[in-house]
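# Survey of secondary and tertiary structure
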Amino acid sequence: MLAQRSIRSATRAVGVGLHSSERVELSLLPAPPDSGIVVRRVDLPQPVSIPLSPQAVVDTRMATTLGSGGAKVHTVEHLLSACCGLGVDNLVIEVDAEEIPILDGSASSFVYLLQSAGLQDQDRPRRFVRVLKPVEVRTQERDGEKWARLEPHDGFRLDFAIEFGHPAIDRTAQDFRFEFSMPEYVREIARARTFGFMRDVDALREIGLAQGGSLENAIVMDESRILNQGGLRFDAEFVKHKMLDAIGDLYVIGHPILGAYSAYRSGHALNNALLRALGNDPEAFEMVVFDDEADAPAGFRASARSLLY
């Protein structure tokens with residue numbers, strides 16, 4: 001069968017929150033089969049655990065935030081993207097502050113952490129959300145239309161297009177197609193960093209965002225150029241990071257998706273709205289397992305050994 005996966009041993013990292021600038025200690029712990037991914041705030045008088053679900057998303061301003069009661073954990077998308085990319089189904093994520101540390105601004109540090117802990121296949125089948133019919137969400141904003149869509153597909157394909165009207169971004173690829181596979185995720189998507197503009201910094205910081213942003217954890221641009229020494233990691237880094245975000249946002253559903261995701265200028269809010277629209281239509285999806293691994297889409301069949309970073 002195509003089995004669920006966790007990690008063999010606990011691992012930890014220390015960093016700062018992109019938006020809060022607070023020091024954060026992150027611990028990743030093995031979890032039993034069928035327990036899913038749970039995010040836990042351990043700094044509170046009574047620790048709070050937040051299981052993944054689209055309804056647990058309580059804020060999507062510049063990041064995806066999970067919440068339960070008064071407890072929140074911001075900026076979960078990069079870590080969840082890494083979990084999806086490595087096929088991790090069951091995990092306890094502990095933080096001692098209200099934000100996942102940003103580390104280098106991509107998912108590659110989380111990939112390394114998960115790999116260093118060791119990937120462990122478990123004795124239960126992976127459960128997939130298979131898309132049965134198209135589901136789409138659209139929004140019309142002051143700067144134009146944005147949309148995201150899920151359609152049936154034998155695998156997990158992503159098509160993303162961006163449009164920022166900035167010289168540095170316009171010189172790079174504006175769209176990218178990715179037929180998901182775990183090894184290709186590690187090579188092609190995980191290293192793409194988040195990005196931002198100097199012109200927005202003051203306004204963001206006035207509302208409590210981007211307090212911890214720097215050239216060490218983001219691609220930063222002035223009105224015409226990239227300020228980071230060394231420039232981009234690859235030509236399509238901007239659109240690949242938006243795809244990295246989308247993979248993490250979609251993994252909030254708690255299971256890998258079998259379907260084709262396509263989006264134009266989508267972000268955290270629209271991605272979450274798409275998951276909720278899917279969940280609200282019982283005829284749009286079904287849960288499936290693969291008792292014979294050979295029947296699963298090739299992109300999901302990578303062994304733990306083949307995923308060494």
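Residue numbers here run from 1 along each chain, matching the order of that chain's written sequence. Restriction of local features to residues with pLDDT of at least 70 applies here, the model being predicted, together with a cutoff of 80 or more for giving and counting side-chain atom pairs; totals for whole chains, interfaces and linings are based on all residues. In computing side-chain properties, one takes all heavy atoms of the structure into account and sets aside hydrogens as well as water.

## Section: the environment of Pro-51
Secondary structure follows DSSP: runs of H or I at least 4 residues long count as helices, runs of E at least 2 residues long count as strands, and numbering of each begins at the N terminus. In this fold, Pro-51 is placed in strand 5 (residues 48–51). Should any heavy atoms of two residues lie within 4.5 Å, those residues are counted as being in contact. Those residues in contact with Pro-51 that sit more than four places away from it in its chain are Ile-37, Val-38 and Ala-56.

## Considering the packing of helix 4 (residues 182–189) against helix 6 (residues 237–250)
With axes taken as lines fitted to C-alpha atoms, and helix axes fitted only over the stretch in contact, angles between N-to-C directions fall between 0 and 180 degrees. Across the interface, helix 4 lies against helix 6 with an axial gap of 11 Å and an inter-helix angle of 135 degrees. By the angle class used here, helix 4 and helix 6 are oblique. Across the interface between the two elements, Tyr-185, Glu-188 and Ile-189 from helix 4 touch Lys-240, Met-243, Leu-244 and Ile-247 from helix 6. Gly falls in the polar group here, along with every residue not listed as nonpolar (Ala, Val, Leu, Ile, Met, Phe, Trp, Tyr, Cys, Pro) or charged (Asp, Glu, Lys, Arg). When the residues that make up the contact of helix 4 with helix 6 are grouped by side-chain class, the tally is five nonpolar, no polar and two charged. An angle below 35 degrees is treated as roughly parallel, one above 145 as roughly antiparallel, one from 65 to 115 as roughly perpendicular, and anything else as oblique.

## Things to note about the sheet that holds strand 5
Strands are treated as partners if at least two bridges between them are detected by DSSP. Spatial strand order, 2-3-9-4-5: five strands in an open sheet with mixed pairing. Each edge of the open sheet carries a strand with a single partner, namely strand 2 (11–16) and strand 5. In this sheet, adjacent strand axes meet at a mean angle of 20 degrees when their direction is disregarded. Inspection of the sheet shows strand 2 paired to strand 3 (residues 23–30) by six bridges, in the antiparallel sense. Counterpart to Arg-12 in the pairing with strand 3 is Ser-27. Against the sheet, helix 1 (residues 77–86) makes contact with strand 3, strand 4 (37–41) and strand 9 (91–95), and its axis sits at roughly 160 degrees relative to strand 9, the strand it touches most. Relative to the sheet, helix 2 (residues 108–117) contacts strand 2, strand 3 and strand 9, its axis offset from that of strand 2 by approximately 160 degrees.

## Here's the deal with the packing of helix 1 against helix 6
Packing of helix 1 against helix 6 brings their axes to within 7 Å, and their N-to-C directions diverge by 80 degrees. Classified by the interaxial angle, the pair formed by helix 1 and helix 6 is roughly perpendicular. For the pair helix 1 and helix 6, contact is made by Glu-77, His-78, Leu-80, Ser-81 and Cys-84 and by His-241, Leu-244, Asp-245, Ile-247, Gly-248 and Asp-249, respectively. Grouping the constituent residues of the contact of helix 1 with helix 6 by class yields four nonpolar, four polar and three charged.

## Points about the pattern of salt bridges
Between Lys or Arg on one side and Asp or Glu on the other, a salt bridge is scored when a side-chain nitrogen of the former is within 4 Å of a carboxyl oxygen of the latter. For the coordinates displayed, the defined rule picks out 22 salt bridges. A salt bridge links Arg-41 to Asp-43; the shortest N-O distance between them is 2.8 Å. For every residue, the accessible area (1.4 Å probe, protein chains only) is compared with the maximum for its type, and the residue is labelled buried under 20%, exposed over 50%, or partly exposed between those bounds. For Asp-43, a relative accessible area of 36% corresponds to the partly exposed category. It is possible to trace a salt-bridge network through shared partners that takes in Glu-136, Arg-138, Glu-145 and Arg-149.

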